[in-house]
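# Examination of the molecular architecture
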Amino acid sequence: MKDPFINKGVELAVDGMEPDAIRGILENELIFTEDRHKKGAEIFTIMGTYAPAMGMIGTLIGLVQMLMVMDDPANIGPGMAVALITTFYGSLLANLLFLPIAGKLKVRRDDETKYKELIIEGIASIQLGDNPRVVEQKLHTYLSPSERALIPKKTEAED
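Residues numbered from 1 in each chain as written. Predicted model: local features only at pLDDT ≥ 70, side-chain atom pairs only at ≥ 80, totals over all residues. Heavy atoms only, no water.

Before going further, it helps to examine the nonpolar core. Grouped together as the largest cluster of nonpolar side chains are ten residues: Phe5, Ile6, Leu12, Ala13, Ile22, Leu26, Leu30, Ile119, Ile120 and Ile123. Secondary-structure elements contributing two or more residues to this core are helix H1 (4-14), helix H2 (19-68) and helix H3 (76-128). Broken down by element, the residue count for this core peaks at four residues, all from H1. (Core = buried A, V, L, I, M, F, W, Y, C linked by side-chain atoms within 4.5 Å. Buried < 20%, exposed > 50% of the residue type's maximum accessible area, 1.4 Å probe, protein only. Helix = DSSP H or I, 4+ residues; strand = E, 2+ residues; numbered from the N terminus.)

This is the structure in structure tokens:
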């Protein structure tokens with residue numbers, strides 16, 4: 001299998017570990033994975049929070065440049081340009097780059113967490129010796145109704 005998380009869980013189960021011990025090891029790994037992913041998303045959230053403020057600082061610098069040449073109206077343009085463009089860039093970076101990236105990272109973290117929780121539940125149920133139908137029903141609880149609809153229905157011959 002290509003997923004190291006599944007491999008680890010299956011290896012623990014094959015080695016005969018107790019279901020509670022397997023669950024504890026895999027949940028601990030999941031917690032640390034969530035923490036790493038959370039930090040990545042927080043970096044982009046912070047960047048998105050501070051980008052408009054940095055734009056405002058650029059605006060102030062542009063206004064200072066503009067006020068320094070007030071005696072010559074022909075030279076006001078460059079300072080005004082800096083003032084306007086830095087505000088624009090701060091807002092643009094925050095709302096079209098940093099905050100959407102942070103949001104996408106959070107969604108992916110949540111999806112991976114749900115996926116790994118499903119794996120933990122499945123391996124622990126199998127290790128407990130649960131009936132395959134019970135395991136299937138337990139795992140279905142992790143799926144939305146639209147995700148469940150994508151699962152092929154079993155025929156009577158498959159049962």
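That covers the picture; the talk isn't over yet.
Owing to its 3.6 residues per turn, the α-helix aligns residues three or four sequence positions apart on the same side. Taking 1.5 Å per residue, 53 residues should reach 78 Å; H3 reaches 77 Å between its end C-alpha atoms and fits that length. The largest bend along H3 measures about 40 degrees and falls at alanine 94. One or two residues past the end of H3 sits glycine 129, with phi positive at roughly 85 degrees. (Expected span 1.5 Å × (residues − 1). Bend = angle between axes of the 7 residues up to and from the residue.)

This part takes up the side chain of threonine 59. Checked against the element boundaries, threonine 59 lands in helix H2. At 2.9 Å, the side chain of threonine 59 and the backbone oxygen of alanine 83 are in polar contact. Beyond its immediate stretch of four places on either side in the chain, threonine 59 contacts Ala83, Thr86 and Thr87. (Polar contact = N/O pair within 3.5 Å; in protein donor to acceptor, adjacent residues only side chain to side chain. Contact = heavy atoms within 4.5 Å.)

All right, on to the packing of aromatic side chains then. According to the stated counting rule, one finds one aromatic pair in the structure shown. Judged by centre distance (5.8 Å) and plane angle (45 degrees), the ring pair of phenylalanine 88 and tyrosine 89 falls under tilted. (Phe/Tyr/Trp six-rings, centres within 6.5 Å; stacked < 30°, edge-to-face > 60°.)

A word on the packing of H2 against H3. Between H2 and H3, whose axes approach to 7 Å, the crossing angle comes to 175 degrees. Classified by the angle their axes make, H2 and H3 are roughly antiparallel. Each residue belonging to the contact of H2 with H3 can be placed in one class, and the counts come to 28 nonpolar, 17 polar and ten charged. (Axes fitted to C-alpha atoms, helices over the stretch in contact; angles between N-to-C directions. Parallel < 35°, antiparallel > 145°, perpendicular 65-115°, else oblique. Nonpolar A, V, L, I, M, F, W, Y, C, P; charged D, E, K, R; others polar.)

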